[in-house]
Amino acid sequence: MNPARTLLILGAGGDLTARLLLPGLGGLVAAGGVTDLRLVGSGIDDWDDARWRDRVSESFAAAEAGGPAVAGLVRETRYAKADVTDAGDLRALLDGCEEPIVIYFALPPAVTEKACRALAEIGVPASTRLVMEKPFGSDVASARSLNELLTGLVSEDHVHRVDHFLGMSTVLNIVGLRFANRIFEPVLSNQHVATVDVTFDETLGLEGRAGYYDEAGALIDMIQSHLLQVLSLAAMEAPPTLSADDLRDRRAEVLRATRIWRDDPLASSRRARYTAGSLAGRRLPSYADERGVDPDRKTETLAEMVVGVNTWRWAGVPFRLRSGKAIGSPRQEVTITFRQPPQIPVGFTGCERPDRLRIAIAPGAGELCLEINVNGPGDPIQLDPTDLVAGFGAGELPEYGEVLKGVLNGDPTLSVRGDMAEECWRIVAPVLDAWRSDRVGLDEYEAGGPGPGNWPSSGLGGPEAANLVTEDV
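Quick caveat: nothing in here was measured; it's all calculated off a predicted structure.

(A) Focus on the sheet that holds strand 5 (residues 129-132). Overall, parallel pairing links the six strands, which are arranged 3-2-1-4-5-6 in an open sheet. Each end of this open sheet is capped by a strand with a single partner; those strands are strand 3 (78-81) and strand 6 (159-161). The average undirected angle you get between the axes of adjacent strands in this sheet is 20°. Bridging between strand 1 (residues 6-10) and strand 2 (residues 38-43) involves five bridges; their strand directions are parallel. Within strand 2, the position partnered with Thr-6 by the bridge is Arg-38. This element, helix 1 (residues 15-30), spans strand 1, strand 2 and strand 4 (101-105) of the sheet and lies at about 175° to strand 1.

See below:
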């Protein structure tokens, strides 16, 4: 597939473009990951080329991106004011771009869908690639409808539904750990694993995103669109190659096999939102008091659900997915908790903590920690827990840089395939229905704390931590 000649950003004046998209692009260009690229920004803001170049320059500088290629891109970039939901404006934009064109929808989901329908009126060149942010649709039906709309415009491998949390380095770290050695893979199954936790707790609060977040909440914003993708990597069978087709086929198999634990969304899900508190030296207001929030909507800032992956390897193992904002002890990792040994020789003491394997999934982090019980440095009868830590090494590019590299070079490996997006909505649908009908209570936790006091701390693992699981597996 030919490299892109033009990157057209719709929603060029938005926070996503300035804070994440342009710094990622700057890092990619500076590293030589893409060449001979034209950058065009478009939006409803009444900007001229000079104002747009200032924004691009500032974002590139924030990423410490420099060099002749970066300077040339800034010098040649231009801005076009347009209503992206208007077919006529879109036609004029496309006519002014060199092909192949990548259209990046840095827009709210509802506006993105309207823009795609406007594109359907005029059509696009077959080489065009379409890039959109999460969430993709609002339920199974809307995701399927949007898929049909997009694949009516271009082929599926030209549609990139991006998950910037899953950069190429994170994907390869998990795949390499699982399938490039014979140490861990043989024991990663229901014969040896008690539970798996996929956790993304962060210190960030609302950060001015009420317009989007209050409609979505933690379940849609993170679990539906990100943590289920991580789960698919952690639970998939070995792919024959690292090609996009093989990797996505294996991940899709996992998602098709995933269901709410014991088909009981009431017992297998929790939700909560933060109250006022202190975090990292600053005072956060209660979520309900944040500007732009409708407190009666009962939007959660901490979500948790337990699912089962009904495959030969994983049947009977609960997977707990959790994501929360304003958490004082942030954790972004996959935690695999192993079953206790069937018998410990009489005479040993200790060994209360189960063995665990932790895999960091935080953007820019790459660490593996194996927690095991060994004879202590003093009394050899006493078994003590110890941690063996190894670093994966960070990727060469920021997360958005890795995503853009794949998009601009026509590699869909990091993109969520259409059927996978629909499966993720299917998986969370029972929980969404239960929450929207208020059949699951909304707990509270203080900003800066670990979460509600009656919830287990994130990443504990083991049946004792996931008390949503009412029976030993």
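Next comes the rest of the write-up.
(B) Structural detail: the packing of aromatic side chains. Summed over all chains, the structure comprises six aromatic pairs. With a centroid separation of 5.6 Å and an interplanar angle of 35°, the aromatic rings of Trp-47 and Tyr-79 are classed as tilted. Linking Trp-47 in the loop between strand 2 and helix 2 (49-62) with Tyr-79 in strand 3, this pair joins segments that are 32 residues apart in sequence. Taken individually, Trp-47 and Tyr-79 each receive the classification buried, so the pair is uniform in this respect. Pairing Trp-314 with Phe-319 gives two aromatic rings, centres 5.3 Å apart and planes at 80°, and the pair type is edge-to-face. Overall, the relative accessible area of 1% leaves Trp-314 in the buried class. For Arg-161, the ring lying beneath its charged end belongs to Phe-136, and the centroid distance is 4.8 Å. Over the ring of Trp-455 we find Arg-270; its NZ or CZ atom is 5.5 Å from the centre of that ring.

(C) A look at the environment of Tyr-79. The class of Tyr-79 is buried, set by a relative accessible area of 7%. Remark: the alpha-carbon pair of Tyr-79 and Ala-50, spanning 29 residues in sequence, is separated by 8.5 Å. Sequence-distant contacts of Tyr-79, defined by excluding residues within four places in its chain, comprise Ala-12, Gly-41, Ser-42, Gly-43, Ile-44, Asp-45, Trp-47, Asp-48, Asp-49 and Trp-52. A polar atom in the side chain of Tyr-79 sits 3.3 Å from the backbone oxygen of Gly-43. Polar side-chain contacts of Tyr-79 include one of 2.8 Å to the backbone oxygen of Asp-45.

(D) Region of the structure containing the environment of Ala-71. Here Ala-71 is to be found in helix 3 (residues 68-76). With a relative accessible area of 38%, Ala-71 lands in the partly exposed category. Each C-alpha atom of the pair Ala-71 and Ala-30 lies 9.5 Å from the other, and the pair is 41 residues apart in sequence.

(E) Seen up close, the side chain of Thr-6. Here Thr-6 is to be found in strand 1. Apart from residues no more than four positions distant in its own chain, Thr-6 is found in contact with Leu-37, Arg-38, Val-40, Cys-97, Glu-98, Pro-100, Ile-101 and Val-102.

(F) Broad picture of unusual backbone geometry. Here the bond from Glu-99 into Pro-100 is cis, since omega is -5°, no more than 30 degrees from zero. Relative to the helices and strands, Pro-100 is located in the loop between helix 4 (87-95) and strand 4. Even without a glycine there, the phi angle at Arg-262 is positive, about 55°. According to the relative accessible area criterion, Arg-262 is partly exposed, its value standing at 42%. Located in the positive-phi region is Asp-438, a residue other than glycine, with phi close to 60°.

(G) Structural detail: the packing of helix 2 against helix 3. Two elements in contact, helix 2 and helix 3, have axes separated by 9 Å at closest approach and are oriented at 160°. Regarding the angle of helix 2 to helix 3, the classification is roughly antiparallel. Considering only the axes of helix 2 and helix 3, their crossing is right-handed. Along its contact with helix 2, which presents Arg-53, Val-56, Ser-57 and Phe-60, the element helix 3 presents Val-70, Leu-73, Val-74 and Arg-75. Residues that form the contact of helix 2 with helix 3 fall into these classes: five nonpolar, one polar and two charged.

Calculation notes
- Residues numbered from 1 in each chain as written.
- Predicted model: local features only at pLDDT ≥ 70, side-chain atom pairs only at ≥ 80, totals over all residues.
- Heavy atoms only, no water.
- Pairing = 2+ DSSP bridges.
- Helix = DSSP H or I, 4+ residues; strand = E, 2+ residues; numbered from the N terminus.
- Axes fitted to C-alpha atoms, helices over the stretch in contact; angles between N-to-C directions.
- Contact = heavy atoms within 4.5 Å.
- Phe/Tyr/Trp six-rings, centres within 6.5 Å; stacked < 30°, edge-to-face > 60°.
- Buried < 20%, exposed > 50% of the residue type's maximum accessible area, 1.4 Å probe, protein only.
- Lys NZ or Arg CZ within 6 Å of the ring centre and 35° of its normal.
- Polar contact = N/O pair within 3.5 Å; in protein donor to acceptor, adjacent residues only side chain to side chain.
- Parallel < 35°, antiparallel > 145°, perpendicular 65-115°, else oblique.
- Left-handed = near helix turned anticlockwise from the far one by under 90°.
- Nonpolar A, V, L, I, M, F, W, Y, C, P; charged D, E, K, R; others polar.

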